[in-house]
Structures are given as structure tokens and as C-alpha cells.
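Here are the chains, one letter per residue:
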Amino acid sequence: MSSTRDYTRAETSESTTNVPLLSEDSWDDGGHSDPVLMITDTVENDHEVRFSVNTADSGTRPGFPRIKLTKTTVLVAIIAVLIIICIVLSALHLLTRSGKTVSEPKRKTGCIPTTQKNVTEPTPGPTHKPVTEPSQKTTVCVTEGCINAAYHIFHSMNRSVDPCDNFYEFACGGWAQIHPIPESKSFWGVYSVLEEENERLVRQLLTGPTNSDTTKKAKTFYDACMNKTAINNIGSKPLLDIIDDLGGWNITQGWDENKFDFNKNTPDVDADDKNSSKNIIKVDQAGLTLSRTYYINKTMSDPKLVAYLKYMTTVGVLLGGKENTTRNQMREVLALEMKLAKIFVPHENRSQIDEIYNKTNIMKLQKLCTEINWLKFFKNQFKGMKIEIDDKEEVVVYATRYLAVLSPVIANAPKTLLNNYMMWRVVSSLAPLLSDEFRDAHEDLVKVLTGSKRSEDLWKRCMGETDGSIGMALGPLFIEQAFDGSSKQQVRNKIGGAVT
């Protein structure tokens, strides 16, 4: 006995075709039965074709499915076979004309091991035909950009080196020979060269005549930085005035502990990363003079930290401190920075903005880090401005983990240490801009930290200071000289939008 069931239905019309797939999940009429596909076409003019699966029992010969075929089905099958035969014959004909045989495998290319360089392949016998690759027409780019790129690539190579032995030297050895690392640098690369070329270009523009008011301001700033005579004559007075305005420093002059307020600092206000249409207060981890890596898993006997403590002491003495007292107090500041480094979140764990972005308000921030009076802190910063701040004011916190463990570090530090630490943060950022004694002390530290052999040229330093302070004034200068106007249209074409 056998059972035949309609399993799928192929419905065709002039506009749609719907052919469901067959599924083995429904072949369940018997554990050992073979499914039989039956195709019936009983009405010639009917567009309906029924597919059914026949599950045969002992009455059906095993291995021989019953298939009902019509004349139309047989004709279609014959035509399909003829088409396949034509395709195969055409392919064989093309391979024969190109000089290849079907049995010849493709040769693999790549580096040959050094021990096999002298191995030669056997000469083909008389019955073998030489294998010839079909000729291919290639388009070679000969534009100015392509030629320039090819030139740099060619001269960056060291072709005397076997790429299988040292591929880096083969690809980049020529560039390193042409561009040795300058004595004032610990790192040098392609982008370093481009940066220096841009700096030299801007320097020429700054030293030339100009009618632009913004450019004149940039020139004034740069010239003041380059005027070593005036800087040396002024000495440390500008920085001492700043220290006095901030309430004094225990190392350099009389300091009233009762007037010290830890909540006087500077927050950051910038565009909201997730809503650039408005500005918002931002709170992030800070407080290290050096990179975090210089403090982690180090002791004060580490050569780089020894050099750093020497620099701290020298600057303190130049500002009027006594050497022994200054060294002892600066050692305490260094110890505090080492504690802060331990709770700093590493840079590699802060690469995704969504992972560190935390919008909250001042009231919740107060609960996160209780040792700082945040409402008072922010009100001090915006005093005199027409801004009303309460504990509902929104802030963005980028260092939740850091602030959560900061309170104990602050609570266990005496006010004298906190004053020395905070004033050192101000002093360390400005001391390299003062007279030669301060600059020389800073350059000695940089040499130890980076391994450079000499200090950086003054013009490069002043260029960096100018760019960091009023970089927007330098932008038009650079664009006017470096771009011919076509770049704007190229950028517009690439991004598909308006570029002003």
C-alpha cells in the first residue's frame, strides 16, 4: 500500500511565480520508505502543475522512483542537455587555442626558500609543449600623482636585501637610509617628514609680509616666542605673578593654608559629543605631568623618575625655593602622582566614546566623588557670568571609574601636599616657556625620557606653541599657499556634499 500526498504547489501566472521548496521534514510515513517525486500534468491548457511525494511501501521496487513525465517535460530535458554539451565543447576549444590543457595545474608563485634558489626545473621532453600565458593588455597610470607615488615607493626599497630573508628591510630600508632619525627626535616616519615640511612652509609665511589682521596676530605670537633676549630679561616674573594670583605656593613664598580651596580648578566646556548643537560641562581624569607608563610598576629609583624629580627640584629652586626643602616636597608630589597613575584608566580602554560617555548631573556626580564640592567647584568657574548653575545641571563624565576611587586619595593627602601638587601642575605647563635656565632644565628631562641627543630647534618649538594657541589663524595661511583650489572640488565630489 502506498500513500500519495500533495506536498508543495507550484502556481504560475503571467505576473507571479511561486514554487515552494521541498522539505525532508515531512517524509515520515515510514522509517525505511524512499520518497518518490511525482510530476503530473493532466490538463494541457492548465497552468497548474502539482508536485507530490510518494512514500512507497513493500509494493514499490526499492531504488526505482516512479516518475510520470509528459512530452513537454522530456523535450525541455533534451534541450537542457544539448545546451550543456555546447558549453563544454566551447570551453575545451578556448583552452586549446590559449595553449593550455585541462590537466595542467596553475603554478603557485611566492618566495623561494634560500636553500632552494639554485634548484632548476627539468627540461620538458619532446612530447611536451611549452606553456605560454595569454597576452593581457594592462593600463599603466602615468599621472603626476602615480609617478610621484611610484618614485617614493621605488626609493623606499632596499633591493639588495632578499625579501624572503627580511621583507621589512626590503620594503623600507631605502627610506630609513635617506631619512635618518634627527638627534632631537626619538621617532621618525613618513608623517614626521610631512609635518616638518608643513612647519617649514608656515614658518616662511609667518616671517613674510602680510595684510591680514589674524595673520599679524599669529606673527606677533611667534616673534615673541622667538625673542630670547626679551624672555631672558623678564625671567621668572610672569609665572610668579600667576602663582600669586592663584593664592601662592608653599615652596616659593608665604602660603596661607586657611585660604587654600581645593575646589578652585578649571573644568572643560565643549560641544556635547552626542549633541553638537549645544555645549556641556565635561569631567575627565587628569593630574599626571608625565605619561602614565612612566609611573606604573616603577619606583622612585627608576632613572626616568629620578630625572623627573631633578627637574621638579630645579624649577622650584629657580622660582625661589630652597633646594633641600623643595626636593623633599616635590618627592611627595611625585608619590601622589604615582598613586593617581594607579587609578587612571589606561588609554587603550578608552578608545570607544560610547563606553566612557556618561551623561549625569551635578547631584549624582557629588555621590560619585564626595571629597570634592562639585556645585561650589563649578560655580567658582562661572562666577561673573550670566549663568545659573544648580545641582540639576547636566555634565558628561568620561572617567566614572577614576572618580569613584579618587576621594580616598584626596582625603588622605594633607592640604600642603594638595597645594604643592596643584601649583606644580600649573608651573610644569608654563616653565618651559620661560628663560634659558627653565628651558635647559626641561630639555635635559626630555632627553632622558625620549632618548633624543639634543634639544629641538627653537623655531619648531615656537611653531608648535603658535599652532596650539592660535592655530585657526595659521590655517588660512597654509591653505592659501598649499592648495590651488581644485582640492575643494575633489573633496566635494568624494563626500557628495557641500564644502564651503
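Residues numbered from 1 in each chain as written. Predicted model: local features only at pLDDT ≥ 70, side-chain atom pairs only at ≥ 80, totals over all residues. Heavy atoms only, no water.

## Describing the overall build of the chain
Stated precisely, the cut-off is as follows: Secondary structure counts use DSSP, requiring at least four H or I residues in a row for a helix and at least two E residues in a row for a strand, with both numbered from the N terminus. Whether two residues touch is decided by their heavy atoms; if any such pair falls within 4.5 Å, the residues are in contact. For every accessible area listed, the method is Shrake-Rupley and the probe measures 1.4 Å; residues are considered covered only by the protein chains on display.
Scanning the chain from N- to C-terminus turns up 18 helices and eight strands. Partitioning the intrachain contacts of the chain with sequence separation of at least 6 by distance along the chain shows that 67% fall at a separation of at least 24. Carbon and sulfur atoms make up 55% of the accessible area of the chain, which totals about 34,400 Å².

## Topic: the state of the cysteines
To keep it simple, the criterion reads: Disulfides are defined as pairs of cysteine sulfur atoms found within 2.5 Å of each other. The buried label applies to any residue whose accessible area, calculated with a 1.4 Å probe on protein chains only, is under 20% of its type's maximum; exposed applies above 50%, and partly exposed to all values in between.
Taken as a whole and judged by the stated rule, the model has two disulfides. Each sulfur of the disulfide joining Cys 225 and Cys 462 lies 2.1 Å from the other. On the S-S bond that ties Cys 225 to Cys 462, the torsion sits near -80 degrees, and the link is left-handed. Here Cys 225 is found in helix α5 (residues 213-226), whereas its partner Cys 462 is found in helix α17 (residues 458-482), with 237 residues between them in sequence. Under the relative-accessibility criterion, Cys 462 is labelled buried at 0%.

## Structural notes on the side chain of Glu 196
As for its placement among the helices and strands, Glu 196 is situated in helix α4 (residues 190-206). Take Glu 196: its relative accessible area is 17%, and that puts it in the buried class. For Glu 196, the contacting residues outside a window of four places in its chain are Trp 188 and Lys 460.

## Some points on the pairing of strand β8 (residues 394-397)
Rule in force here: Strand pairing requires that DSSP identify at least two bridges connecting the strands.
As paired strands, strand β6 (residues 275-283) and β8 are joined by three bridges and run parallel to one another. The partner of Val 283 across the bridge, within β8, is Val 397. Pairing analysis gives four bridges linking strand β7 (residues 358-361) to β8, with the strands arranged antiparallel. Paired with Asn 358 across the two strands is Val 397, which belongs to β8.

## Looking at the pattern of salt bridges
Pairing is possible between side chains of opposite charge, provided their charged atoms come close. To keep things clear, this is the line we draw: The working definition used for a salt bridge is a side-chain nitrogen of Lys or Arg within 4 Å of a carboxyl oxygen of Asp or Glu.
Tallied over the entire structure, the rule returns ten salt bridges. Ionic pairing is found between Glu 196 and Arg 200, a salt bridge with its closest N-O pair at 3.4 Å. You can see Glu 196 and its partner Arg 200 sitting in helix α4, four residues apart, about one turn around the helix. Between Lys 282 and Asp 273 there is a salt bridge whose closest N-O contact spans 3.6 Å. Classification of Lys 282 as buried rests on a relative accessible area of 10%. Shared partners join several salt bridges into a network, and the residues in it are Glu 196, Arg 200 and Lys 460.

## Considering the packing of aromatic side chains
Operational definition: Only centres within 6.5 Å qualify two rings of Phe, Tyr or Trp (six-membered ring in Trp) as a pair; their planes then separate them into stacked at under 30 degrees, edge-to-face at over 60, and tilted for everything else.
By the definition in use, this model includes eight aromatic pairs. Taking 5.1 Å as the distance between ring centres and 70 degrees as the angle between the ring planes, the aromatic pair formed by Phe 377 and Phe 378 counts as edge-to-face. Residue class for Phe 377 comes out buried when judged on its relative accessible area of 8%. Site record: aromatic cluster; members linked through ring pairs are Tyr 308, Tyr 311 and Trp 424.

## Points about the nonpolar core
Threshold: In this description, a nonpolar core means a group of buried Ala, Val, Leu, Ile, Met, Phe, Trp, Tyr and Cys residues linked to one another through side-chain atoms lying within 4.5 Å.
Core analysis: the biggest nonpolar cluster contains 59 residues, and Trp 374, Phe 378 and Trp 424 have the highest contact counts within it. Core analysis: the second largest hydrophobic core is formed by 13 residues, Leu 201, Leu 205, Ala 218 and Cys 462 among them.

## Some points on the packing of α4 against α17
The angle between the axes and the distance between the axes are what describe a pair of packed helices. For the record, the criterion: Lines fitted to C-alpha atoms define the axes, with helix axes restricted to the stretch in contact, and inter-axis angles between N-to-C directions lie between 0 and 180 degrees. Each angle gets one of four labels, with under 35 degrees taken as roughly parallel, over 145 as roughly antiparallel, 65 to 115 as roughly perpendicular, and the rest as oblique. Amino acid classes used here: Ala, Val, Leu, Ile, Met, Phe, Trp, Tyr, Cys and Pro are nonpolar; Asp, Glu, Lys and Arg are charged; the rest, including Gly, are polar.
Interhelical geometry of α4 versus α17 gives an angle of 80 degrees and a closest axis separation of 9 Å. With respect to α17, the axis of α4 lies roughly perpendicular. Contacts between α4 and α17 pair Glu 196, Asn 198, Glu 199, Arg 200, Leu 201, Val 202, Arg 203, Leu 205 and Leu 206 from the former with Trp 459, Lys 460, Met 463, Leu 474, Leu 477, Phe 478, Gln 481 and Ala 482 from the latter. Considering only residue class, the contact of α4 with α17 consists of ten nonpolar, two polar and five charged.

## Observations regarding unusual backbone geometry
With a phi angle near 55 degrees, Asn 297 is a residue other than glycine that sits in the positive phi range. Secondary-structure assignment places Asn 297 in the loop between β6 and α8 (303-318).

## A word on the environment of Lys 274
Mapped onto the elements, Lys 274 comes out in the loop between β5 (268-272) and β6. Separated by 85 residues in the primary sequence, Lys 274 and Lys 359 place their C-alpha atoms 9.9 Å from one another.

## So, the confidence of the model for the chain
Heads up, the rule is: As a per-residue measure, pLDDT reflects the predictor's confidence and takes values from 0 up to 100.
On average, the chain scores 74 in pLDDT, and the residues at 70 or more come to 68%. Within the model, pLDDT remains below 50 along residues 1-68, and this stretch shows 83 contacts once partners closer than five positions in the same chain are excluded. Taken as a whole, residues 98-129 scores under 50 in pLDDT and shows 13 contacts with residues more than four places along the chain or in a different chain.

## Section: the environment of Arg 461
Secondary-structure assignment places Arg 461 in helix α17. In this structure the C-alpha to C-alpha distance between Arg 461 and Tyr 222, which are 239 residues apart in sequence, comes to 9.8 Å. Apart from residues no more than four positions distant in its own chain, Arg 461 is found in contact with Pro 432, Arg 439, His 442, Glu 443 and Glu 456.

## Description of the packing of α8 against helix α16 (residues 436-450)
Two elements in contact, α8 and α16, have axes whose closest approach is 9 Å; the angle formed by their N-to-C orientations is 175 degrees. As judged from the angle between their axes, α8 and α16 are roughly antiparallel. Contact with α8, carried on its side by Pro 303, Lys 304, Ala 307, Tyr 308, Tyr 311, Thr 314, Val 315 and Leu 318, involves Glu 437, Phe 438, Ala 441, His 442, Leu 445, Val 448 and Leu 449 of α16 and no other residues of that element. A per-class count over the contact of α8 with α16 returns eleven nonpolar, two polar and two charged.

## With respect to α8
The test is simple: To estimate how far a helix should extend, the number of its residues minus one is multiplied by 1.5 Å.
Between its first and last C-alpha, α8 extends 23 Å over 16 residues, near the 22 Å set by a 1.5 Å rise per residue. The inward-facing, buried residues of α8 abut α9 (323-343), α15 (415-430) and α16. Remark: Gly 320 follows α8 within two positions and exhibits a positive phi of approximately 115 degrees.

## Remarks on helix α12 (residues 374-381)
To keep things clear, this is the line we draw: Directions drawn from the helix axis to the C-beta atoms are what define this arc.
For α12, every residue scored as buried is listed here: Trp 374, Phe 377 and Phe 378. All buried residues of α12 fall inside an arc of 90 degrees around its axis, so they share one side. Looking at the buried residues of α12, the elements they touch are β6, α11 (362-368), β8 and α13 (400-404).

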